[in-house]
Amino acid sequence: VQLQASGGGLVQAGGSLRLSCAASGRTFDSYNMGWFRRAPGKEREFVAAVSWGGATRYYTDSVKGRFTISRSNAENTVYLQMDSLKPEDTAVYYCAQSRVVRGTVLTTETMYRYWGQGTLVTVSS
């Protein structure tokens with residue numbers, strides 16, 4: 001399985017970015033997908049997750065109302081639309097694919113088996 005994340009970059013506070021994660025190697029529409037991030041000097045944390053069919057979405061409190069996770073099973077891709085970005089959103093963002101086929105959407109790292117290489121998002125003040 002390969003997950004290729006892209007779309008990171010430098011943006012001013014209040015701006016927007018759209019991250020993409022293209023997956024290959026497993027039946028994409030059978031697995032939940034998630035986004036995590038690691039800010040400088042901090043541990044990796046959960047950001048958002050979407051169920052295998054796209055009907056269920058979870059967000060960490062700090063991004064609710066600003067970030068939107070979505071997926072295209074036809075394109076084997078998961079997206080993270082990030083609006084109203086803040087300097088504290090600066091981090092390396094990772095996409096991940098769940099361990100279990102069509103399982104419950106979970107927010108813990110250990111529930112995800114495959115990880116992308118990360119894409120850096122820098123928000124300037």
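Note: the structure precedes this text.
Here's a quick rundown of the structure. None of the values given here were measured: they were computed from a predicted structure.

**Side note on the overall build of the protein**
Reasoning step 1: Broken down by element type, the protein carries 0 helices and 11 strands.
Reasoning step 2: For the protein, the α and β elements follow one another from N to C terminus as β-β-β-β-β-β-β-β-β-β-β.
Reasoning step 3: Expected size for 125 residues packed as a compact globule is a radius of gyration near 14 Å; at 13 Å, the protein falls within 12% of this value.
Reasoning step 4: On the principal axes, the C-alpha backbone points of the protein span a range of 40 × 25 × 25 Å.
Reasoning step 5: Counting over 125 residues, the protein shows a buried share of 45%.
Reasoning step 6: Pairs at least 24 apart in sequence give 60% of the contacts found in the protein among residues at least 6 apart.
Reasoning step 7: Total accessible area computed for the protein in this model is approximately 6200 Å², and 47% of it derives from carbon and sulfur atoms.
Reasoning step 8: Of note, the protein has its 14 positive side-chain charges centred 5 Å away from the centre of its 9 negative side-chain charges.

**What about the sheet that holds strand 8 (residues 77–82)?**
Reasoning step 1: Pairing is antiparallel across the open sheet formed by 4 strands, whose spatial order is 1-3-8-7. Because the sheet does not close on itself, it has two edges, and the strands there are strand 1 (2–6) and strand 7 (67–72). Shown here is a sheet whose adjacent strand axes are inclined to one another by a mean of 15°, direction ignored.
Reasoning step 2: Where strand 7 lies against strand 8, 6 bridges are found, and the strand directions are antiparallel. Bridging from a neighbouring strand, Ser70 pairs with Tyr79 of strand 8.

**Details of the nonpolar core**
Reasoning step 1: The biggest cluster of nonpolar side chains holds 27 residues, and the ones touching the most others in it are Trp35, Leu80, Met82 and Tyr93.
Reasoning step 2: Secondary structure elements with two or more residues in this core: strand 1, strand 3 (17–24), strand 4 (31–38), strand 5 (45–50), strand 7, strand 8, strand 9 (91–101) and strand 11 (119–124).
Reasoning step 3: The leading source of residues in this core is strand 3, at 4 residues.
Reasoning step 4: If we skip the residues at most four places from it in the chain, Leu80 touches Leu17, Arg18, Leu19, Trp35, Val47, Ala48, Phe67, Thr68, Ile69 and Tyr93.
Reasoning step 5: Residues Phe36, Phe46, Ala49 and Val105 belong to the second largest nonpolar core, which totals 6 residues.

**A look at the pattern of salt bridges**
Reasoning step 1: Scanning all chains against the criterion turns up 5 salt bridges.
Reasoning step 2: Note that Arg37 is salt-bridged to Glu45, the shortest N-O span being 2.7 Å.
Reasoning step 3: With a relative accessible area of 5%, Arg37 lands in the buried category.
Reasoning step 4: By relative accessible area, Glu45 is classed as partly exposed at 34%.
Reasoning step 5: With a shortest N-O distance of 3.0 Å, Glu109 and Arg44 are connected by a salt bridge. Pair noted here: Glu109 is in the loop between strand 9 and strand 10 (112–115) and Arg44 is in the loop between strand 4 and strand 5, with a separation of 65 residues, a long-range link.
Reasoning step 6: Judged by relative accessible area, which is 29%, Glu109 ranks as partly exposed.
Reasoning step 7: Judged by its relative accessible area of 21%, Arg44 falls in the partly exposed class.
Reasoning step 8: Members of the salt-bridge network, linked through shared partners, are Arg37, Glu45, Arg66 and Asp89.

Reading the values: rules and limits
- Residues numbered from 1 in each chain as written.
- Predicted model: local features only at pLDDT ≥ 70, side-chain atom pairs only at ≥ 80, totals over all residues.
- Heavy atoms only, no water.
- Helix = DSSP H or I, 4+ residues; strand = E, 2+ residues; numbered from the N terminus.
- Rg over C-alpha atoms; globule rule 2.2 N^0.38 Å.
- Buried < 20%, exposed > 50% of the residue type's maximum accessible area, 1.4 Å probe, protein only.
- Contact = heavy atoms within 4.5 Å.
- Areas by Shrake-Rupley, 256 points an atom, 1.4 Å probe, with all protein chains shown as cover.
- Lys, Arg positive; Asp, Glu negative; His and termini not counted.
- Charge placed at Lys NZ, Arg CZ, Asp CG, Glu CD.
- Pairing = 2+ DSSP bridges.
- Axes fitted to C-alpha atoms, helices over the stretch in contact; angles between N-to-C directions.
- Core = buried A, V, L, I, M, F, W, Y, C linked by side-chain atoms within 4.5 Å.
- Salt bridge = Lys/Arg side-chain N within 4 Å of Asp/Glu carboxyl O.

So yeah, pure geometry; function would need other evidence.
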